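Observations on the model geometry
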Amino acid sequence: MKLVTIFGGTGFVGRYVARRMAKEGWRVRCACRRPNDSPFVRTYGVVGQVEPVFCNIRDDESVRATVRGSDAVVNCVGILAEGGKQTFQALQQEGAARIARLAKEAGVERLVQVSAIGADENAPSQYARTKALGEKAVLDAFPDAMIVRPSLIFGHEDEFFNRFAGMARMGRVLPLVGGKTKLQPVYVDDVAAAIQMGVLGKAEPGIYELGGPDVSTFDGWMREMLAIIKRRALIVNMPMPIAKLMGSGFDGLSTITFGLVKPPLTLDQVRNLGQDNIVGEGVKTFADLGMHPTSTEAVLPDYLWRFRPSGQYAGTNESAENLRGSGRNVKGGENRAGFS
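The notes below deal with the structure included here. (Residues numbered from 1 in each chain as written. Predicted model: local features only at pLDDT ≥ 70, side-chain atom pairs only at ≥ 80, totals over all residues. Heavy atoms only, no water.)

**A look at the sheet that holds strand S6 (residues 146-150)**
The cut-off we apply is this: Pairing between two strands requires that DSSP report at least two bridges joining them. Secondary structure elements follow DSSP: runs of H or I no shorter than four residues count as helices, runs of E no shorter than two count as strands, and numbering proceeds from the N terminus. Only C-alpha atoms enter the line fits that serve as axes; for helices the fit covers just the stretch in contact. Angles between N-to-C directions range over 0 to 180 degrees. The contact criterion used is simple: two residues touch if any of their non-hydrogen atoms lie within 4.5 Å.
The strand order across the open sheet formed by seven strands is S3-S2-S1-S4-S5-S6-S11, and the pairing between neighbours is parallel. Since the sheet does not close on itself, it has two edges, and those belong to strand S3 (50-54) and strand S11 (206-210), each with one partner. Neighbour-to-neighbour, the strand axes of the sheet open up by a mean angle of 20°, direction not taken into account. Both strand S4 (residues 72-75) and strand S5 (residues 110-114) contribute to a ladder of four bridges, which runs parallel. Residue pairing for S5: Val-73 is matched across the bridge by Leu-111. Packed onto the sheet, helix H6 (residues 188-199) meets strand S1 (3-7), S4, S5, S6 and S11 and runs at close to 155° relative to S5.

Set out below in structure tokens:
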């Protein structure tokens, strides 16, 4: 039975990859920082098929021990905000380089690196710069690697639509940074399917930009989300200069409290939100993998229903209201007929 090691295998994307590879009959090693907190991945296969293991990707020996015996390696590690030693450079650049170098050293056959659309060494955000530098380091060590660059990823466990739906449930205002920035959300299991093809050798090496079938602005996606959860909220697009001041302020507060206060918004995130996040021209995409990405409308209602005023009973209540309305219309029609 072949073995795939997934760094970040208990995270949002990693768990979907783990489930798919287990169904393929592979043994799956999910490398993470807290394996004792992630027993759920064991249920993806038969007893002993999927195992969470500890790994610190900032340490050579830890990574070397983790990749030993692997036929394929997937690196899903990434962060949206820094904290302590978990910096963009340490994880997304140096960590990616370390995994690729030691995977090649261990004789691993295939490597898939998860990056992000917008990865650019000259990008305004450190997040995007370190993603690009990580890609470069991976290809230097492992030239025939597959690199996937997803756009904003959505799915049941996402921290995007769930977060803003929660905000809409709690209040009447949705403040946005980069409201006119274009986004092309991609379904998490579609990303996992693309990675699966790379692991199985069914995808050519190279860089793939992965986006869903629809493109809209940030505030456009918020309007779609509000329609799904059947709530009203005032969408406020925050001017970039103000957003940058707020991000800097939150960064400073986090620094002086030694990380005890987690910033709800960082300056680096503000810079990243100012850039469109859509598939570029002349790049490999889902089409090159023979895949048709899933639309948001096919998935969002499946997990955002809990934010509706009536939760899972919203559809039932609507049907009952429509039935009562139909009854009133029928009665009114009979009265009008009687007077004619």
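**A few points about a positive patch on the surface**
Selection rule: Two joining distances apply to patches: 9 Å for like charges and 5 Å for nonpolar side chains (Val, Leu, Ile, Met, Phe, Trp, Tyr), and every residue must have over 30% relative accessible area and no salt bridge. All accessible areas in this document rest on Shrake-Rupley with a 1.4 Å probe, and a residue is counted as covered only by the protein chains that are shown. The working definition used for a salt bridge is a side-chain nitrogen of Lys or Arg within 4 Å of a carboxyl oxygen of Asp or Glu. For the purpose of charge, His is not counted, nor are the chain termini; Lys and Arg are scored as positive and Asp and Glu as negative. The location of each charge is read from NZ of Lys, CZ of Arg, CG of Asp or CD of Glu. Relative accessibility under 20% of the residue-type maximum defines a buried residue, over 50% an exposed one, and the middle range a partly exposed one, all with a 1.4 Å probe and only protein chains included.
On the surface, a cluster of positive charge is made up of Arg-33, Arg-34, Arg-58 and Lys-85. With respect to the secondary-structure elements, Arg-58 resides in the loop between S3 and helix H2 (60-67). Residue classification places Arg-58 among the partly exposed residues on the basis of a relative accessible area of 31%.

**Description of the packing of helix H1 (residues 12-23) against H6**
When two helices pack together, their arrangement is given by the angle between their axes and by how far apart the axes lie. This is how it is decided: Small angles under 35 degrees read as roughly parallel and large ones over 145 as roughly antiparallel, with 65 to 115 read as roughly perpendicular and the rest as oblique. Crossing handedness: left-handed means the near helix sits turned counterclockwise from the far one by under a right angle, and right-handed means the same turn made clockwise.
Packing of H1 against H6 brings their axes to within 9 Å, and their N-to-C directions diverge by 55°. Between H1 and H6, the interaxial angle falls into the category oblique. Note that H1 runs across H6; the crossing there is right-handed. Side by side, H1 and H6 meet where Phe-12, Val-13, Tyr-16, Val-17, Arg-20 and Met-21 of the first sit next to Val-188, Asp-189, Val-191, Ala-192, Ala-193, Ile-195, Gln-196 and Val-199 of the second.

**Quick word on the pattern of salt bridges**
Inspection of the entire model under this criterion finds eleven salt bridges. One salt bridge in this structure joins Glu-61 and Arg-64, with 2.5 Å as the shortest N-O distance. Linking Glu-61 with Arg-64, this pair stays in helix H2, spanning three residues, or about one helical turn. Arg-64 sits in the partly exposed class, given a relative accessible area of 23%. The salt bridge involving Glu-209 is made with Arg-149; its shortest N-O contact spans 3.0 Å.

**Some details on a nonpolar patch on the surface**
On the surface, Leu-253, Ile-256, Leu-260 and Val-261 cluster together into a nonpolar patch covering about 400 Å² of accessible area. Considering the arrangement of structural elements, one finds Val-261 in the loop between helix H8 (240-256) and helix H9 (267-273). On the basis of relative accessible area, Val-261 is assigned to the partly exposed category, the value being 33%.

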